[in-house]
Amino acid sequence: MEMETTGAQPGPANSGNGVRAPVTRRAQRRGWEQVSEHVIELFIRLCGISAIVFVFAIFFFVFREGAPILPRLDLWKFLFTPYWYPTSLGQARYGVGALILGTLSVTALSMALAVPFGLGAAVFVSEFCGHRTKEALKIVIELLAAIPSVVWGFIGLTVMNVAIQKVFRVQVGLNILNASILLALMSVPVIVSIGEDSLKAVPDSYREAAFALGATQWQIVCRVLLPAAKNGLLAAVLLGVGRAVGETMAVLMATGHAVNIPHSIFDSVRTLTATIAAEMGETAEGSDHYRVLFVIGILLFSITFLMNLAADLVVKGIRKK
Amino acid sequence: MQTADAARFAQTPFVRKKHRAELLARCVFGGMTLGMIVPLLLIIGYLLCQGAPLLSWAFLTTNPSSGMRKGGLWPALLGTVWLVVTALCVSAPVGVFAAVYLNEYAKDNWFTRIVHLAVVNLAGVPSIVHALFGLGAFVLFAGLGRSILAASLTLAIMTLPVIIASTKEALASVPLSFREACWNVGATRWQTIRRIVLPNSISGILTGVILQVSRTAGETAPIMFTGAVFFKNVEEGNLFAYSLKDQCMALSMHLYTVTTQVTNAPEPLPYAIAVVLLGTVLLVNAAAIAVRVYLRSRKKW
Amino acid sequence: MVTTNPPTTAFPVAGAAAPARRKIEVCDLRLSYGAKEVIHGISFDVFESEILGVIGPAQSGKTSLLRCINRTIDFTANARVSGVIKVDGEDVRSVKSVYELRRKIGMVAPLPVGLPLSIYDNVAFAPRTAGLRNKNQLDVLVEKGLRQAALWEEVKDRLDSLGTKLSGGQQQRLTIARALSHQPEILCLDEFSIAIDPVTTMRIEEVLKELKKEMTIILVTNLVQQARRLANRTMFLWKGEVVELDANQVIFGDAPKDRRTYEYVNGIFG
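Values in this document were obtained by computation on a predicted structure and should not be read as measured data. (Residues numbered from 1 in each chain as written. Chains lettered and ligands numbered in written order. Predicted model: local features only at pLDDT ≥ 70, side-chain atom pairs only at ≥ 80, totals over all residues.)

### A word on the overall build of chain B
The number of helices and strands found in chain B is 13 helices and 2 strands. Taking 19 Å as the expected radius of gyration for a compact globule of 301 residues, we find that chain B reaches 26 Å, considerably beyond that expectation. Counting only C-alpha atoms and orienting by the principal axes, one finds that chain B spans roughly 90 × 60 × 35 Å. For chain B, buried positions account for 50% of its 301 residues. In chain B, 76% of the contacts between residues at least 6 apart in sequence involve partners at least 24 apart. (Helix = DSSP H or I, 4+ residues; strand = E, 2+ residues; numbered from the N terminus. Rg over C-alpha atoms; globule rule 2.2 N^0.38 Å. Buried ≥ 20, exposed ≤ 12 C-beta atoms within 10 Å, placed from the backbone. Contact = placed C-beta atoms within 7 Å.)

Next comes the structure, spelled out in C-alpha cells:
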C-alpha cells in the first residue's frame, strides 16, 4: 500500500481540490481500507458474541443429553427423596434429595468458615497493612488460589483425614468437616480479592473525614467502610458460594462416598458434583442412569446461573450509586 | 503555656480504650490472615517431605510401569502440556478479540449488558458441567470422540471468560486520549487498536493468559470423560508422541487415579505427583507475576 | 447555493483580485447529545487561506463543532447530527473515505497528547497508517512536521526517545507536528494554549502565521486576545448559536453588530 511511487512530495494544500496521487491508486487504497476494516470488525464482533453462544451451547448440549428422560422422571421424587439407587436392577430409583443436602451442608459450613476469615483478611490487607506487606500478602493469596482442586482433594484424603481423626477422635476423617475446610481455603482467595477491591473502591474522602473526626482505624472500618462496601462484599460472598457449590474434585475425594442424609459434620456425604464425576465413567451412553446424571448437570447449571445473576444484580446496585 | 497545651492533647481514658480496641482489631484481623497462610505453608512442606524420595529427573521422563506403581510421569506430563497448549491456542485469540469487542466496539446498550452477563455466567459454570458439555458437544455431537482435541476445546471454553475479563481490564487502562489522537489523524479503529491499544496493554493480557495456563494444567473434571485416560504408554523423550486424536494421560488425572484407584502404591508416589503438579502450577503463576512486575516497570506513560 | 445565516461579509483576500473560495461550508448544523441539543442550527463559511477565530465561553459547542467537521463525532454513541457540512464542496457525510477526510483536516486538542511511541514514530504515525512505507519519505515528512511545529531544534538528537516523556509545551508542539504530518489542507486548533506556557504559545502563534499561507485554519480559543492577534475573521459562538461572524476590525472594534459581542470581547461577561 504505497502512498507515492513517483517520489515527488504531495503538492501544496491549496492547489485546487488537492489531488495528490493518481486517482485509481487512491480509489484502490480507499476501497481496500474500508473493506479490510469491515472484515476485521466482523471477526471481532463474532468473537465478542462468542460468550453468549457458548453459554447457550452449554445449556443446549447438556439439556440435549438429559432431556429424553425428563418426561419419565417424577420431578418431585427426583428432587426431594433421598433414595439414590441408580444401578439397582429393575428398581432404579433416582432421588437426589440426599445429594442436595450433601451439597448444601458442605457449602454452608465452608462459607461459615470462609466468610469471616475472608472478610477479616480483606479488611486487614486493605486497611491495616503497609504497602510492602500488602503486595506480599496479595501474592501469597494469589498463589493460594492457584492450587488445583485435585491437590486440595489429595490433601483432604491424606493430611486432613488423619488430622480430623486425631483431633476430633472420630472413626472416619472423610466427611463434611474435611471437605468444608478445603472448600473454605479454596474460596477465601476469591472473597479476599473481591472484598479488597470493593473496600478500595470506597472513596478516600470517607476515610479522611472519619480520621478528621478522631476515629481510629477500627472504628472507620466498622462504621464507615463495611456499610459503604457492603454490596461488593455481598457479591464476593455470593461468588464464593457459587464456587463452593460447583466444586468437584476436592469434594469427590474428601467427603467419603456415602449417599445419606447428614446428621452431624462428621458424617460422610456425597454432593451433586461428586456424583456425576464418580458415576459417569461407569454408565452406558444413552442409558437412564447416564441421562439422569445429565439432568443433575442441568440442575447444577441452573443453580449457579441464578447465583451469578443475583451477584451481578447486587454489583449493578453498586454502579447505580 | 506548654503544660496547658500538653494537658489539652493528653490521652483521656476514652481515647486509651479506643486505642486498645484498635490494637485488638488489628491482632484479630492479622490473625485471620495468618490463619489462612500458615496451614498452607505447613501442608506444602509436608507434601514435599513425603514425596521427596521419589522426585528425580527419571521420574519426570519415564513411563509408569507395574500398574503405575513404579516408573515415572512422562505421559502425564506430556499430556498436560499438549492439553494446555492446544486449549490456549484456541481461547487466547478468541478471548482477546472478544475483549477488544467489548472495550472498543460495543456501545453501552442492553445487548452489551447481555454479553457481559454471559461472560460472568460462563465464568461461574461448575467444572463438571463443562465436562458434561464437552462430552455432549465435542465427543458425541461433533464426533471428535474422546481425544486431546475434545478435551482441549472443553478446557478452552472454561478459560475463555477469565481471559476476556483480564484483557478487557488491560485494554481499559489505556487512556482514551491516545485513541482520540489516533482517530484525529485518520487512523481506523482497528489501526488504532493494533498500533497503540494492544501493544500498550500487553502486560495485562499476558498475565491473564499465563494465569490460565496454570489453571488449565490443574483441572481434572473437564478432561475426565472427554479425553483423559487412566493409563497410556508413550515414547519417552519425544515431544510429539501424542496426536490430537489420541487420548492422553494428564498430571491432574494421574494424581486422582493413583490416589483413589491404585492399590498398594508406594507411599511417596502420590505425594511426589502432587508435588510435581503443585510445583508446575506455582512456577507458572510465579512467572506470570514476574512478567507483570517487569512489564509494569517499563510503563510508557 | 448555500445560504448563510447570519449574513457574512464577502471575504476579500488581502491583495488578491478575486474573492477566495469557500473551503468549508456549514449549513444549518444541529447537534444533540441524547435529548440535549448543543448546537442549534448554525451556518457559516470558512474561506481558503484564512484564519477563522472562534470565541465564546465554555459549553458553547466549539469543540463539538470541530468534531462534526472531521467526523470524530461519530465515535460518540449518543450524538445526532443534522444539517450539512461541506469540505471542498463535498458533503462530509457522503465522502468515500472518512479516513481521507480526517487526513485532510489536522486537529489539535486542548490537552497535549504524546502517544507512547518514539518522537519519530509519533510524527510518522499518520503517514504510516495512510500506507506510506518508504523510510526516506517518512524522514522528510517527520523533519518537515517537526520544523513547522518549531520543535525540530530541541528534539533532533533524540528522535528515538519516548514522546510521553516530553514536557507539556513540547508535547503540544509534538501534537501539532503530528497534525501537520499528513499534510492537511485545514488545521483546527481547539484551545491549544490551555496547558502550555506563554512563551511556547507565542512560538506556536508565529508558526500559525506562517502556516496560513498554505492552509485554512480554524482557531477555537478562549483567549479573546489570541483571536484578535491571529485571525482574519472571528466568529462569536454562544450557547450553540452564532451571535456574530465578521472581520476582526468589526468584531474587535467599537461597533460590532451585536451588543453581546461587544460585551464578551471587552470582558463584561464570559
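### Examining the overall build of chain A
The helix and strand tally for chain A stands at 13 helices and 2 strands. Expressed as a percentage of its 321 residues, the buried residues of chain A come to 42%. Of the contacts made within chain A by residues no fewer than 6 positions apart, 75% connect residues no fewer than 24 positions apart.

### Considering the packing of helix α5 (residues 131-146) of chain A against helix α13 (residues 268-297) of chain B
Taken N-terminus to C-terminus, the directions of α5 of chain A and α13 of chain B make an angle of 140°; their axes are 10 Å apart at the nearest point. With respect to each other, α5 of chain A and α13 of chain B are oriented oblique. The crossing of α5 of chain A and α13 of chain B is right-handed. Mapping the contact onto sequence places Ile139, Glu142, Leu143 and Ala146 of chain A in α5 of chain A and Val281, Leu282, Asn285 and Ile289 of chain B in α13 of chain B. Among the residues forming the contact of α5 of chain A with α13 of chain B, the class breakdown is 6 nonpolar, 1 polar and 1 charged. (Axes fitted to C-alpha atoms, helices over the stretch in contact; angles between N-to-C directions. Parallel < 35°, antiparallel > 145°, perpendicular 65-115°, else oblique. Left-handed = near helix turned anticlockwise from the far one by under 90°. Nonpolar A, V, L, I, M, F, W, Y, C, P; charged D, E, K, R; others polar.)

### What about unusual backbone geometry?
Residue and element names in this part refer to chain C. With phi around 65°, Gln59 is a residue other than glycine that occupies positive phi space. By secondary structure assignment, the location of Gln59 is in the loop between β3 (51-55) and α1 (62-69). In the Ramachandran plot, Lys239 falls in the positive-phi region, its phi being about 50° despite a non-glycine side chain. Within the fold, Lys239 resides in the loop between β9 (233-238) and β10 (241-247).

### Looking at the domain arrangement of chain B
Many analyses report the size of an interface as the accessible area lost when the parts associate. Residue and element names in this part refer to chain B. Segmentation of chain B into domains returns domain 1 (2-53) and domain 2 (57-297). Of the residues lining the interface, 5 residues belong to domain 1; the matching set on domain 2 comes to 6 residues. Tallied by class, residues from the side of domain 1 that touches domain 2 come to 3 nonpolar, 2 polar and no charged. (Domains from an automatic or database assignment.)

### Some thoughts on the sheet that holds strand β5 (residues 90-91) of chain C
Residues and elements named next belong to chain C. Strand order across the open sheet formed by 4 strands is β2-β1-β4-β5, with antiparallel pairing between neighbours. The sheet terminates laterally at β2 (36-47) and β5, the two strands that pair on one side only. Here strand β4 (residues 79-87) runs beside β5; their pairing, made up of 2 bridges, is antiparallel. Bridge assignment links Val87 to a residue of β5, and that residue is Glu90. (Pairing = 2+ DSSP bridges.)

### With respect to the domain arrangement of chain A
Residues and elements named next belong to chain A. Partitioning chain A into domains gives domain 1 (21-72) and domain 2 (77-320). Between the C-alpha centres of domain 1 and domain 2 the distance comes to 35 Å. Taken together, the contact pairs 9 residues of domain 1 with 8 residues of domain 2. Its residues assigned to classes, the side of domain 1 that touches domain 2 comprises 7 nonpolar, 1 polar and 1 charged.

### Re the interface of chain B and chain A
At the junction of the two partners, chain B supplies 70 residues and chain A supplies 66 residues. Broken down by element, the side of chain B that touches chain A gets its largest block of residues, 17 residues, from helix α2 (residues 13-51) of chain B. Considering only residue class, the side of chain B that touches chain A consists of 50 nonpolar, 16 polar and 4 charged.

### Focus on the packing of helix α6 (residues 149-168) of chain A against helix α12 (residues 251-261) of chain B
Their axes nearest at 9 Å, the elements α6 of chain A and α12 of chain B cross at an angle of 20°. With respect to α12 of chain B, the element α6 of chain A is oriented roughly parallel. By crossing handedness, the relation of α6 of chain A to α12 of chain B is classed as left-handed. Of α12 of chain B, the residues touching α6 of chain A (which contributes Val150, Phe154 and Leu157 of chain A) are Ser252, Leu255, Tyr256 and Thr259 of chain B.

### What about the sheet that holds β3 of chain C?
All names here are of chain C. Pairing within the open sheet is mixed, and its 6 strands lie in the order β6-β7-β8-β3-β9-β10. Single-partner strands in this sheet number two, and they are β6 (105-108) and β10. If you compare each strand with its neighbour and ignore which way they point, the axes differ by 15° on average. One ladder, built from 4 bridges, connects β6 with strand β7 (residues 186-190); its direction is parallel. The residue bridging Gly106 from the neighbouring strand is Leu187, located in β7. On top of the sheet, helix α6 (residues 168-181) reaches β6 and β7; it is set at about 170° to β6, its chief contact.

### Digging into the nonpolar core
Considering soluble globular proteins, one finds that nonpolar side chains tend to be buried as a cluster. One finds Leu182 and Ile191 of chain A together with Leu219 of chain C to be the most contacted residues of the largest nonpolar core, which totals 260 residues. Sort the elements by how many residues they give to this core and helix α4 (residues 74-105) of chain B lands first, with 18 residues. Not counting the four nearest positions on each side in its chain, Leu219 of chain C is found in contact with Ile51, Leu52, Gly53, Val54, Leu189, Ala227, Leu230 and Ala231 of chain C. (Core = buried A, V, L, I, M, F, W, Y, C linked by C-beta atoms within 7 Å.)

### Things to note about the confidence of the model for chain B
The pLDDT averaged across chain B works out to 86; a share of 96% of its residues lies at or above 70. Our summary of model confidence lists the complex with pTM equal to 0.85 and ipTM equal to 0.86. (pLDDT = per-residue confidence, 0-100.)

### Some points on the environment of Arg132 of chain A
With respect to the helices and strands, the residue Arg132 of chain A is situated in helix α5. Taking the C-beta count within 10 Å as the criterion, Arg132 of chain A has 8 such neighbours and is therefore assigned exposed.

### Observations concerning the environment of Leu138 of chain C
Residues and elements named next belong to chain C. Mapped onto the elements, Leu138 comes out in helix α4 (residues 135-148). For Leu138, a count of 18 C-beta atoms within 10 Å translates into the label partly exposed. Here the alpha-carbon distance between Leu138 and Lys213, two residues 75 residues apart in the chain, equals 23 Å. Other than its neighbours up to four places away in sequence, Leu138 contacts Ala124, Pro127 and Leu132.

### What to know about the pairing of β2 of chain C
All names here are of chain C. As judged from the 9 bridges shared by strand β1 (residues 22-33) and β2, these two strands associate in the antiparallel manner. For Glu25, the partnering residue across the bridge sits in β2 and is Asp45. Remark: 2 residues form the turn of the hairpin made by β1 and β2, two consecutive strands paired antiparallel; Gly34 in that turn has positive phi of roughly 65°.

### Some words on α2 of chain B
With 39 residues, α2 of chain B extends 57 Å from end C-alpha to end C-alpha; this agrees with the ideal 57 Å at 1.5 Å per step. Where α2 of chain B bends most, at Leu34 of chain B, the angle is about 25°. Of the residues making up α2 of chain B, those classed as buried are Ala25, Phe29, Thr33, Met36, Leu47 and Gly51 of chain B. Contacts made by the buried residues of α2 of chain B are with α4 (97-128), α5, α7 (176-201) and α9 (217-228) of chain A together with α13 of chain B. (Expected span 1.5 Å × (residues − 1). Bend = angle between axes of the 7 residues up to and from the residue.)

### Observations concerning the confidence of the model for chain A
Mean pLDDT for chain A: 81, with 89% of residues reaching 70 or above. Confidence drops under pLDDT 50 across residues 1-24 of chain A; counting only partners more than four residues distant or on other chains, this segment forms 27 contacts.

### Section: helix α5 (residues 110-124) of chain B
Along its 15 residues, α5 of chain B runs 21 Å from first to last C-alpha, staying within 8% of the 21 Å computed at 1.5 Å per residue. Inspection of α5 of chain B places Val115, Ala118, Val119, Val120, Asn121, Leu122 and Gly124 of chain B among the buried residues, and these make up the whole buried set.

### Regarding the environment of His40 of chain C
All names here are of chain C. By the secondary structure assignment, His40 is in strand β2. With 15 C-beta atoms counted inside 10 Å, the residue His40 sits in the partly exposed group. Sequence-wise, His40 and Gly83 are 43 residues apart; in three dimensions their C-alpha atoms are separated by 10 Å. Beyond its immediate sequence surroundings of up to four residues, His40 is in contact with Arg30, Gly240 and Glu241.

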